[in-house]
Structures are given as C-alpha cells and as structure tokens.
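Examining the three-dimensional arrangement
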Amino acid sequence: MRDTLNQVPQLSGYNLFLTDRTLVEAVNREGASWALEQVSELGQILGTEEAQTWAVEANENVPALHTHDRNGNRRDEVLFHPSWHSLMKTSIGHRLHSLPWIEKKKGSHVARAALMMITAQNEAGHTCPVSMTFSGLAPLRVEPDLAREWEPRVLSSAYDPRFMPVHEKRGALLGMGMTEKQGGSDVRANTTRAERIGNSREYLITGHKWFCSAPMCDAFLILAQTEKGLSCFLLPRWTPSGDKNKFFIQRLKDKMGNRSNASSEMEFQGAWAHLVGQEGRGVSTIIEMVNYTRLDCGVASAGLMRQALVQALHHCSHRQAFGKLLIDHLLMRNVLADLALESEAATLLVMRLASAFDARESDEHEKAFCRIATAFSKYWLCKRTPVHVGEALECLGGNGYVEDSGMPRLYREAPLYGIWEGSGNVICLDILRALTREPATVDAVLHELRSALGKDSRLDTYLTQTESELTGCLKQGLKNGGGEAEIQARRLAEQLAIALQGSLMLRYSHPDVADAFVASRTTGDHGQTFGTLPANVKFTSILDPVAAPFRPAAG
Ligand SMILES: Cc1cc2nc3c(=O)[nH]c(=O)nc-3n(C[C@H](O)[C@H](O)[C@H](O)COP(=O)(O)OP(=O)(O)OC[C@H]3O[C@@H](n4cnc5c(N)ncnc54)[C@H](O)[C@@H]3O)c2cc1C
C-alpha cells in the first residue's frame, strides 16, 4: 500500500466558539461577557471527536416509532440512538432551552444565541425540541396555573427522556402542532376540533397534525377550533390523572435531512388538553412561541454557514493542487473571502437581533425593531444558507460530496429553516403586515438604518433606495389592497436585511471586510455566485484572520 498523500485531516479538538472572532466580539459587545466561560466550555465540548461522533451516529441511526407494545396496546413511543440522548443532555445541561428565562441579565438572549449558533454547527437536528421547549414557555406563562405546574420541569437542566407521566420526571420538553394535512401556512384552515368539558378550561381534542416534530415531547402547544375560532391548547402526553393521552403517532416522516430528529403525523381522538390564552385567539397566543423559533431559524442558519465556512477554510488550508495550497490560489481566495463575508454578516445580524430580544421588555423601539427584524432576518438568512453551504461543499471537491466530510449533512439541513416557522413567501407577507398594521415597526427599522448614514457613500445610496422601496411598497400596499406591494415583498425583505448587514459591518467589522461587503452587496459590483468579489478588495485582510485557526500548525 502506498502512503496516503495530500488528504486533509479531520478537523477536531478545536473550540467552536473561541475560533470565531466575530462571535466572541459580538457576545462581548452585546452585553453577554458574563457568559463567555459557559459558551467557551460548550464550544470546546462540541469540537471534540466524541461530540462529532454523537452527531454522525444520531443521524445514521434514525429514530424508530413503536406504535404498539408486545400485547398490542398502543404505546406511541419513539426510540432514539444513545448519541441523540448525549446531544440532548449536553444542550439541556448548558441551558440552551432556558438561559434567558433563568438568568434575567442583560445579554441573556445574546448568550443563548451564541450557544445555539455553535450547537447547530455540530448537530442541528436535536436543536428542534430544544428550541421549541425554550419558546414554548412564552405562551405557557399566559396561563398561571399551567406555568406553575410545568415551568420547574421545563426550566430544569436535567434532561429526562423517560417515558412516564411528567409529574414523576425531573425535566420536560415542549413541542408544537400547527400544521395539518390541508394546510400549514394557512392555519385558519385547521379542522381539528376542541370540545369543552363542562365550564372548565379543559377540552377534548379530535383531529390530526400532519407535521409534529419531536413527538416524544412531554406536551405540545397545538391549535384547534372551538365555537369561538382557532384556539391554543397545551396537550400533554399523559393526562393529569396519569393515563396515556389519546393521541396516536401514525408514522414518522422520511425526511431529506434533519434525520436525527423525529417528525411525525399524529391523530387525536378525544385527547385531553388545557386552553392557553383567550378562546378564539389561538394564533396571537402561539405567535410568541413562533417569534422565538424564528429567531432560532436565523441563528441556526448563521451556524450552518459558519460551519460550512470553517470546513472549507480547513480543507483549503491543508490541500494542495497545482503545486500550492488551495487557499493560496487567487480564484479560490475570492470564493473563500466571499463565503467569509456572508458568514460574518449573518453572525452580526443574528447577534444584533438577539440583543433586541434582550432589550424589548423595557424598550418600545427595540420591541418594534425586534418584530420586523426577526421576519426579514429569518427570510434572508434562510435563503442564503443553502447557496452558501453548497458553495463551501464544492471547496472540498469530491470529498465534500461524501458523507465522511460532514458536508452532505449540513447541505441537507440547510433548506429546512426556510420552510418551517413560515416559508419564505409567508414571512414576506408577514413583513408587509407588520409594516402596514404596526407603524412603529416602520419607524424602528428606518431609525436603525438611518443611524448608519454618513459612514460610506455607497451604503448611503443603498439605504436611500431601501427607504424609498419601503415607503413605495407601503403606499402601493395601502392603495391597492396589497397587490403591488405583495409582488415586491421579497425584494423589500432582501434589501432591508442587506442594508442592516451593511450598517453592522461598517460599525463592527474590520474596515477592509466592511468595504468588501458594501462594495459587493450594495453596488451591484458582484456576480450571481460566490467568488465574484471585485478584484480590488483586500483578500488578505478578509481571509488571514478567519483562516488562521485552521492553518496547519507550524513545523
Ligand atoms: C422537518 C420539518 C419539521 C416540521 N415540524 C413542524 C412542527 O413541529 N410543527 C408544525 O406545526 N409544523 C411543522 N412543520 C411544518 C412546517 O411548518 C410547514 O411545512 C410550513 O409551515 C409550510 O406549510 P405547508 O407545508 O402546509 O405548505 P403550504 O402552506 O401549502 O405552502 C406551500 C408553499 O406556498 C407558499 N405560500 C403559502 N401561502 C402563500 C401565499 N399567501 N402567497 C404566496 N405563497 C404562499 C409557502 O411559502 C410555501 O412555499 C415541519 C416541517 C418540516 C419540513
């Protein structure tokens, strides 16, 4: 056998957090420096070969549904590989599901976003139940009795996957059921019905859910119709008297990616549930949960882009072609620098957004900014991720197309965030809705964008164009019942996100990095693919710092 030459070693034994200078700076800047040690500790764990193996094994050994027990009774249990449990235990133990609810400190959403961003880089599938548990607490708190009962277990750092009534458990997980066969985006079309038990806030639910992820959760926030319209309910796996609730998992979805995570089809046949919030106001009750999960869609997308970039930098720093390292070839430098700009802009955007989630309780401006920026950030980052990851995969050549590299898993995961919690068009319509019905969102976004005026004439021009696109869209929307504004909604969402990214880059990035972003993203001096930056950008300034942690050790 000949020696293996010019193959790239696996990237492990590195700290996912400390090697990401942009993220470390953002955590410090946005008021979460108190969490540096905790995020760094998780970053170290996730970079170990052991944690990388959990990610591979949890995806190769997919969850299995056991509908019945040996005697033919319904069981409805989903069984997972031990590596899934290791992932869950690590995330719950590091409070990805609870940090801002426990640490009421400035920067707690920022700290959690950083934890989420590095976790999604190692294994994104299990972040689904983690994110739903985190976000599900918001609507639950509308019902003080339910909150008293559930909160201690939901906030617990003990991951307890045992299949038993919740009052016997140390920790609990929450899921969400909105999507039905006849419609996911249009939840008003839900057919699942809720019958009230006497005069109580308890109901019996009959119907189905077509896409209910993490079906081993201890309870689900679901939507069902009552006489007063669509309402929100907490539907636990076990009834308060400890009996198995009457919901039945029909089958698990055979998904393109996100394979470690189970997503199911469910039937309810008189399942016990408790009303959450006002009857008939189900969408506005559950929307708080949706807002947090939309934040996580953006954060996880930024994580996927970062990991794709890291793998590309690592590979190109070790692999030679035509007599030199790939990273030293001029055209590859253009591709890598372009990918690095996109990743840095994504990180800045989600960290700014997370800081708005921190501030919004006490600051009306940040609340309005949060409302609108969550939507356009989710839209734009989820759109960029599949393209970004695909290009990074190509940097590894044929090895990038092989499962061992980890790139196919990232690639399959990438389009998911654009679909759930509001697909692209639905999010764009939501942006229009916010801008027309909540005028404070217009002021908030314009104020944020205008604060960058005067820093760079090219961005100034782009900001002015964005502002006139926005005001034009509003005028058209209000005038013609929304038709023309609707047609332009994707353009507007994209411009708002890029304008904000440009202003953040100018404020917080190295001047050469910000210059390249503004030149390529706001002036039209860029092609349709990554790797088309203008020739005069400072490639060394962009690439050297971001690639440094992944260069071969000297000697
Ligand atoms: C892996 C995975 C896990 C999921 N987990 C869950 C879960 O746990 N709980 C849950 O409730 N759901 C879950 N979903 C479902 C997801 O939220 C829905 O698929 C999503 O909301 C879209 O709904 P739909 O599939 O019914 O598509 P549709 O609503 O039929 O939409 C199809 C397309 O039409 C577009 N569209 C819809 N309305 C308009 C309009 N007015 N104008 C223009 N375009 C429009 C949409 O953007 C989309 O591109 C999951 C989905 C996936 C893929």
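Summarised in this report is the structure supplied together with it. (Residues numbered from 1 in each chain as written. Predicted model: local features only at pLDDT ≥ 70, side-chain atom pairs only at ≥ 80, totals over all residues. Heavy atoms only, no water.)

**A look at the layout of surface pockets**
Rolled over the atoms, a probe sized like a water molecule indicates the empty space that remains. Here is the rule: For cavity detection a 1 Å grid was placed over the protein atoms alone, and a set of points counts as a cavity when a 1.4 Å probe fits there but cannot get out; an open set counts as a pocket when protein lies on both sides within 12 Å along at least five of seven lines, with lining residues being those that have an atom within 4 Å of a point. Grid points are joined across faces, edges and corners, and a volume is the space filled by probe spheres set on the points. In this text, helices come from DSSP runs of H or I with a minimum length of four residues, and strands from runs of E with a minimum of two, each type numbered from the N-terminal end. Any residue outside Ala, Val, Leu, Ile, Met, Phe, Trp, Tyr, Cys, Pro, Asp, Glu, Lys and Arg is labelled polar, Gly included; the first ten of those are nonpolar and the last four are charged.
Here the second largest pocket is characterised by a volume of approximately 870 Å³. Mapped by element, the contributors of at least two residues to the lining of the second largest pocket are α3 (49-60), α6 (108-122), α9 (282-318) and α12 (407-413). For the lining of the second largest pocket, the element with the most residues is α3, which contributes seven residues. Residues of the lining of the second largest pocket, tallied by class, amount to eleven nonpolar, 16 polar and eight charged.

**What about the packing of aromatic side chains?**
Threshold: To pair, rings of Phe, Tyr and Trp, with the six-membered ring standing in for Trp, must have centres within 6.5 Å; the planes then decide the type, stacked if under 30 degrees apart, edge-to-face if over 60, and tilted in the middle. Residue burial is assigned from relative accessible area. The probe radius is 1.4 Å, only protein chains are included, and a residue is buried under 20% of its type maximum, exposed over 50%, and partly exposed in between. Throughout this description, the term charge over a ring refers to an Arg CZ or Lys NZ atom that lies within 6 Å of the ring centre and within 35 degrees of the ring normal.
Across all of its chains, the model carries eleven aromatic pairs by this definition. Ring centres of Phe 220 and Phe 247 lie 5.7 Å apart, and the angle between their planes is 85°; this geometry places the pair in the edge-to-face category. In this pair, Phe 220 sits in strand β6 (residues 219-226) while Phe 247 sits in strand β8 (residues 247-252), placing the two residues 27 residues apart along the sequence. Both residues of the pair, Phe 220 and Phe 247, count as buried. By the ring-pair criterion, three or more aromatic residues cluster together here, those being Trp 101, Phe 134, Tyr 292 and Phe 357. The ring of Phe 134 carries the charged tip of Arg 112 above its face, separated from the ring centre by 3.5 Å. Cation over ring: Lys 253 sits above Phe 211, and NZ or CZ is 4.5 Å from the ring centre.

**Here we look at α3**
In plain terms, the rule: For a helix, the expected span equals 1.5 Å multiplied by the residue count minus one. Arc definition: directions from the helix axis to the C-beta atoms. We call two residues contacting when some pair of their heavy atoms lies within 4.5 Å.
Between its first and last C-alpha, α3 extends 16 Å over twelve residues, near the 16 Å set by a 1.5 Å rise per residue. When we look at burial in α3, the residues that qualify are Ala 51, Gln 52, Trp 54, Ala 55, Ala 58 and Asn 59. One side of α3 holds all its buried residues, which, seen down the axis, span an arc of 150°. Within α3, the exposed residues directed more than 90 degrees away from the buried face are Glu 49, Glu 50 and Glu 60. Contact partners of the buried residues in α3: α2 (36-46), α4 (82-93), α6 and α12.

**Re the nonpolar core**
Using the following cut-off: The nonpolar core is taken to be a set of buried Ala, Val, Leu, Ile, Met, Phe, Trp, Tyr and Cys residues, with the residues joined through side-chain atoms within 4.5 Å.
Counting 181 residues, the largest nonpolar core has Trp 150, Ile 205 and Phe 376 as the members making the most contacts within it. Sequence-distant contacts of Phe 376, that is, excluding residues within four places in its chain, are made with Ile 431, Val 445, Ala 493, Leu 496, Ala 497 and Leu 500.

**Comments concerning the site of the ligand**
In plain terms, the rule: In these notes, residues near a molecule or strand are those with any non-hydrogen atom within 4 Å of it. We define a polar contact as two N or O atoms separated by no more than 3.5 Å, with the added condition that, inside protein, one atom must be a possible hydrogen donor and the other a possible acceptor, whereas residues neighbouring each other in sequence contribute only through side-chain atom pairs.
Around the ligand, a shell composed of 20 residues is seen, among which Met 178, Thr 179, Gly 184, Ser 185 and Ser 213 lie nearest. Thr 179 has a polar side-chain atom sitting 2.8 Å from a nitrogen atom of the ligand. Residue Asn 425 places a side-chain N or O atom 3.0 Å away from a nitrogen atom belonging to the ligand. Elements with a contribution of two residues or more to the shell around the ligand: β3 (174-177), β5 (202-213), α13 (416-419) and α14 (424-437).

**Quick notes on the pattern of salt bridges**
Basically, it comes down to this: Here a salt bridge means any side-chain nitrogen of Lys or Arg lying within 4 Å of a carboxyl oxygen belonging to Asp or Glu.
In total, this model carries 37 salt bridges according to the counting rule given. The residue Lys 244 makes a salt bridge to Asp 76 at a minimum N-O spacing of 2.9 Å. Here Lys 244 is found in the loop between β7 (229-236) and β8, whereas its partner Asp 76 is found in strand β2 (residues 74-79), with 168 residues between them in sequence. Arg 551 is paired through a salt bridge with Asp 544; the nearest N and O atoms lie 4.0 Å apart. Connected through shared salt-bridge partners, Arg 294, Arg 371, Asp 430, Arg 433 and Glu 438 make up one network.

**Some words on the environment of Gly 280**
Locating Gly 280 in the fold gives a position in the loop between β9 (263-276) and α9. Along the chain, Gly 280 and Ala 189 lie 91 residues apart, while their C-alpha atoms are 14 Å from each other. Apart from residues lying up to four places away in sequence, Gly 280 is in contact with Lys 228, Gly 229, Leu 230 and Ser 231.

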